[in-house]
Amino acid sequence: MSARTLTILAGLSLPLTSANAALSTQGSEADAFDGQEISVVEKRLPADAVGQKKLSLEVGTAPGFRLDTTLATLPGVTLFRRADSLTGHPTTQGLSMRGVGVSAAGRVLVTLDGVPMGDPFGGWVYWSALDAFELSDMQVKPGGSAGAYGAQALAGVVDIRSRSISSMQPGLDAWYGSDDSFSIKARAGFEVAETGLAIAGGHFRTDGDYLLSPADRGAVDVRAASKASFASMKAEHDFGGVEARGTLRYFREERVNGLALATNATEAMDASLTLSGDAGEGAWEVVSYYRTRDFANVFSSARDERTSELAVLDQYDVPAWGAGMLARLQFDGFEFGIDGRRMSGETNERFRNLGTGFTRDRTAGGDQWTLGAYGEAETKLGEATLSATLRLDRWRSYNGSRIESDSVSGDVLRDDVVPNKGGWQPSARLGAVVPVTGAIDLRAAAYRSWRLPTLNEYYRPFRVVNDITEANPDLVPEKLYGLEIGADYEPLNTFRASITYFRNWLRDGVGNVTIGFGPGFFPLGGFVPEGGVLRQRANIDASVTDGIELEGELKLQPGWTLGARYQYARARITHLMPCLTLSATARCKHQNMASTSPSPMRMADRSAHGRRCAMRLASMMMT
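1. Side note on the overall build of the protein
Inference 1: Along the backbone of the protein there are two helices and 36 strands.
Inference 2: The buried share among the 623 residues of the protein stands at 51%.

2. Here we look at the nonpolar core
Inference 1: Ranked by internal contacts, the top residues of the largest apolar core, which has 31 residues, are Leu71, Leu95, Leu130, Val158 and Ile160.
Inference 2: If you list the elements that add at least two residues to this core, you get β4 (55–58), α1 (67–72), β5 (77–79), β6 (95–97), β7 (109–112), β9 (135–142), β10 (156–162) and β17 (282–303).
Inference 3: With three residues, β9 is the single largest residue contributor to this core.
Inference 4: Residues within four places of Ile160 in sequence aside, it is in contact with Leu67, Val110, Thr111, Leu112, Asp113, Leu130, Leu135, Asp137 and Met138.
Inference 5: Listed in part, the 20 residues of the second largest apolar core include Ala228, Trp395, Tyr458 and Val510.

3. Some words on the side chain of Ser226
Inference 1: Following the sequence through the fold, Ser226 ends up in strand β14 (residues 226–239).
Inference 2: In this structure Ser226 comes out as buried when scored by relative accessible area, which is 9%.
Inference 3: Look past the residues within four positions of Ser226 in its chain and what remains in contact with it is Leu86, Phe204, Arg205, Thr206, Glu254 and Arg255.

4. Quick look at the pattern of salt bridges
Two side chains bearing opposite charge may form a pair once their charged atoms approach each other closely.
Inference 1: Counted under the stated rule, the structure contains 41 salt bridges.
Inference 2: Residue Arg306 is joined to Asp221 by a salt bridge in which the shortest nitrogen-to-oxygen separation is 2.7 Å. Separated by 85 residues along the polypeptide, Arg306 in the loop between β17 and β18 (308–331) and Asp221 in the loop between β13 (195–206) and β14 bring together distant segments of the chain.
Inference 3: For Asp221, a relative accessible area of 11% gives the class buried.

5. Section: the sheet that holds β9
Inference 1: The strand order β4-β9-β10-β7-β8 describes an open sheet built from five strands, whose pairing is mixed. Each having just a single partner strand, β4 and β8 (115–116) make up the two edges of the open sheet.
Inference 2: Pairing geometry for β7 and β10, over four bridges, is parallel. Within the sheet, the bridge partner assigned to Val110 lies in β10 and is Val158.

6. Some words on the packing of aromatic side chains
Inference 1: As enumerated under the stated definition, the model contains nine aromatic pairs in all.
Inference 2: Note on Trp175 and Phe204: the rings are 6.1 Å apart at their centroids and 55° apart in plane angle, and the pair reads as tilted. Of this pair, Trp175 sits in strand β11 (residues 171–177) while Phe204 sits in strand β13, and the two are 29 residues apart along the sequence. The residues Trp175 and Phe204 share a single accessibility class, namely buried.
Inference 3: Through a chain of ring-to-ring contacts, three or more aromatic side chains come together here, namely Phe331, Phe334 and Phe336.
Inference 4: The positively charged end of Arg187 is found above the aromatic ring belonging to Phe133, 4.4 Å away from the centroid.
Inference 5: Sitting above the plane of the Tyr316 ring, Arg350 keeps its charged end 4.1 Å from the centroid.

7. Examining a nonpolar patch on the surface
Inference 1: A surface patch of nonpolar side chains, amounting to about 510 Å² of accessible area, comprises Phe190, Val192, Ile199, Met233, Leu248 and Met269.
Inference 2: Tracing the backbone shows Met269 in strand β16 (residues 263–279).

8. Considering the pairing of strand β21 (residues 384–406)
Inference 1: With 21 bridges connecting them, strand β20 (residues 358–381) and β21 associate as antiparallel partners. The residue of β21 that forms the bridge with Leu381 is Ala384.
Inference 2: Here β20 folds back onto β21, and the loop between the two strands holds two residues, one of which, Gly382, carries a positive phi near 70°.
Inference 3: Sheet topology note: the β21/strand β23 (residues 421–435) ladder contains 13 bridges and is antiparallel. Bridging from a neighbouring strand, Arg394 pairs with Trp424 of β23.
Inference 4: Inspection of the sheet shows β21 paired to strand β22 (residues 412–417) by five bridges, in the antiparallel sense. From the neighbouring strand, Glu404 faces β22, where its bridge partner is Arg414.
Inference 5: If you look at the hairpin formed by β21 and β22, you'll find five residues sitting between the two strands, and Gly410 has a positive phi there, around 80°.

9. A look at the environment of Arg451
Inference 1: Tracing the backbone shows Arg451 in strand β24 (residues 440–451).
Inference 2: The sequence separation of Arg451 and Gly150 amounts to 301 residues, and the corresponding C-alpha distance is 9.1 Å.
Inference 3: Within the local environment of Arg451, its side chain forms a polar contact with the side chain of Glu457, the two groups lying 3.2 Å apart.
Inference 4: A polar side-chain atom of Arg451 sits 2.7 Å from a polar atom in the side chain of Glu478.

10. Some words on the pairing of β10
Inference 1: A large share of β10 lies buried, amounting to seven of its seven residues.
Inference 2: Alternating positions in β10 separate into two faces, Gly156, Val158, Ile160 and Ser162 on one and Val157, Asp159 and Arg161 on the other, with burial throughout.
Inference 3: Of the pairings in the sheet, the one linking β9 to β10 comprises seven bridges and is antiparallel in character. When the bridges of β10 are listed, Val140 appears paired with Val158.

Rules and cut-offs
Along each chain, residues carry numbers from 1 onward, in the same order as the chain's sequence is written. Given that this is a predicted model, residues contribute local features only at a pLDDT of at least 70 and side-chain atom pairs are listed and counted only at 80 or more, while totals for whole chains, interfaces and linings are drawn from all residues. Based on all heavy atoms of the structure, the side-chain values leave hydrogens and waters out of the count. Strands are runs of DSSP state E lasting at least two residues, helices are runs of H or I lasting at least four, and both sets are numbered from the N terminus onward. Partly exposed describes any residue whose relative accessible area lies between the buried limit of under 20% and the exposed limit of over 50%, with all areas from a 1.4 Å probe on protein chains only and scaled to the type maximum. We define a nonpolar core as any set of buried Ala, Val, Leu, Ile, Met, Phe, Trp, Tyr and Cys residues linked to one another through side-chain atoms lying within 4.5 Å. By definition, residues are in contact when any of their heavy atoms lie within 4.5 Å. Definition used for salt bridges: Asp or Glu carboxyl oxygen within 4 Å of a side-chain nitrogen of Lys or Arg. Pairs of strands are assigned from DSSP output, requiring at least two bridges between the strands. Two aromatic rings, drawn from Phe, Tyr or Trp (for Trp, its six-membered ring), form a pair once their centres lie within 6.5 Å of each other, and the interplanar angle then sorts them: stacked below 30 degrees, edge-to-face above 60, tilted otherwise. Sitting over a ring, as applied to charges here, requires NZ of Lys or CZ of Arg to be within 6 Å of the ring centre and within 35 degrees of the ring normal. Every patch collects residues that have over 30% relative accessible area and no salt bridge, joining them within 9 Å if they carry like charges and within 5 Å if they are nonpolar side chains (Val, Leu, Ile, Met, Phe, Trp, Tyr). Each accessible area value is a Shrake-Rupley result obtained with a 1.4 Å probe; residue values ignore everything except the protein chains displayed when judging cover. Polar contacts, as counted here, are pairs of nitrogen or oxygen atoms within 3.5 Å of one another; within protein the pair requires one atom able to donate a hydrogen and one able to accept it, and residues that are adjacent in sequence qualify only if both atoms are side-chain atoms.

Rendered as C-alpha cells:
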C-alpha cells in the first residue's frame, strides 16, 4: 500500500471554557473544577484482576489516528490485517494479543464503559465509531479474563472509558488535510435541574488513498474514500443514593474499498443504562444495553488485467442486534455477578454473477445467547495479595438457517437443516502479587477462558474475488489455558521496569481449512472458478504460544516520558487432525517511544518491519 492517507495540513481546537474551568485531558483520574474534585472518566466498579499486567493509554496523546492504530503500536496487540480502520474493510477489524492467532472476529473483548463493542453478527469492531474526542483512556489487559468480562475475553480485554459528563467542557475540534480530508467535532456538558447532560457529535470524510502502488493499479482502481458521522447524548442523575447514567449513540459510515463497485455502509445505534450505588460496606452496579447494526456490502473482482470489474457478492441487507446485562456486587474482598448476552443477525445477499447479473439469492443467520454467573475472592496472606475467580456459563446457538434460491424463478435450491447447539463452559483465574522489597513485586496468574464463535462463523459463507469460504454450524467454542509470571521494579516514582513470561494453550481455535482449488465443482461450496480456492471454517485441535515481554519507562521531567516495550512470542501447533498440514511465519515486535503530556508532540514511534514475532497460521491445506 502507498503512503498514509492523511497528512494534516491545518487544524483548529477550541475549548470553549474559561481558564479557571478548563480541565486537563491527560494525567490523573481527577482534577480541580470550581473547587471540587471530579472524575474525568465514567465512574464504574473496578474490574482489575490480581497478577494481571495492565497498560493504560490516554486517548488523544498516544500515537495513532484512531484507536486501532494506537493499539497496533503496542507489542503483542495484533490487528487481523495490516490495513487499519481508515482503509481496511470493516469485517476485518478483529483484535488479538500475545500471539494467539488473529481472526476477523477477534479474540479480545473490547468494551466501552462496560458495554461490548463487537458486532452482534460478526464480532468485528467499528473503530471509526469510537472517537477520541469524547473518550478518556483505554485499559489494555492481556491474558484470559474471567469474572466480570466473561465470554469472548479469550486473549484479553481492551476496556475503553469515556469522559465523565462533568469533564465534558464545551469544545470544538476541526482540521483539513491531504486527499481532501477534513474532520469537525463538537461537544458540551452542562447541568439542568440537578441532571448532568452531555452531547457530542462529529463528521469525517476523505477521498482516501489508493490501495495499490502505481505499478500495480489498473483502470478500475479508485481511491479508498470514506466518510463517517457520530452523535451521542449522555445523562446522569442521583435518585437518593442510586446513580443512573444513560447513553444513546448513533453512528453511520460509508466506504469505497479500492474498486468502484466495492462499497459498504453501516448504520448503528447503541443505548445503555448503568445503575450503581452503595450496599452497606460494599457497592453494586448494573449495566444494561441494546445495540443494533445494519450493514450493506458489495465485493467485486478486478478482471482483464484490472481494466474491468465484476460484482461477485452483494450483501444488500445484514441486520443484527444485541442486548445484555451485567450485575455486580462487591464487598469485603468478594465480588459476585451475573452476566447475560443475546445476539441475533442474518445476511441477505445475492451471489453467482456469471457476467450478466446475479442469479442466486441467499439468506443465512441465527441467534445466540450466553448466561453466566461468577464469584471472586481477594485476600491478604502476609504481604502477598491473592485472588481466585470462578465462573460458569451456559451458551446456545439456535434458529440457524441457510436458504438459497434462484433469483429469476424463486425456486429454492438449498434449505439446510441446521442443528441447534449448546453447552456449558467454565472459566477461572488465580492471581498473586508478592512484594519482595519496597521496589520489587513478583506477580503470577493462571487462567482458563473461552470464546463462542460468532453467528457469522457459524452460518454465513463468504466470497472474496474467486476465493470461497464456507460456514460451519458444527463449530465448538474456543478455549484458552494460560499462565504468566513477572516482576515489576520501581525504585523511584520516575522510573519503572517490568518483565513477564507467558504461555498460552489454545484449544479448538477457529481457522479456515482449504478444501480444494478451482476450477471445479465441490458438493460443499458448488462451482469454484479458475484461480479460486474453496475453504471452510473449522476448529484447529491445539496450539501453544510461549513469550516474553519487557517494558521500561522513565519520566524525564514534568510532562515528558521516555519508554520502550518489546515482546517475543513463539507459537506452534501441537496437535492437528491427520488430514491437515500448514505453514506459518514468525514475527516479533518492539516499540521505542518518547511522549510528552499534555503536548501531543511525539519524538519517536518506530516499529521494526519484519521483526514482529508472533506465530500466525498462514495457510491450512487438505491432503
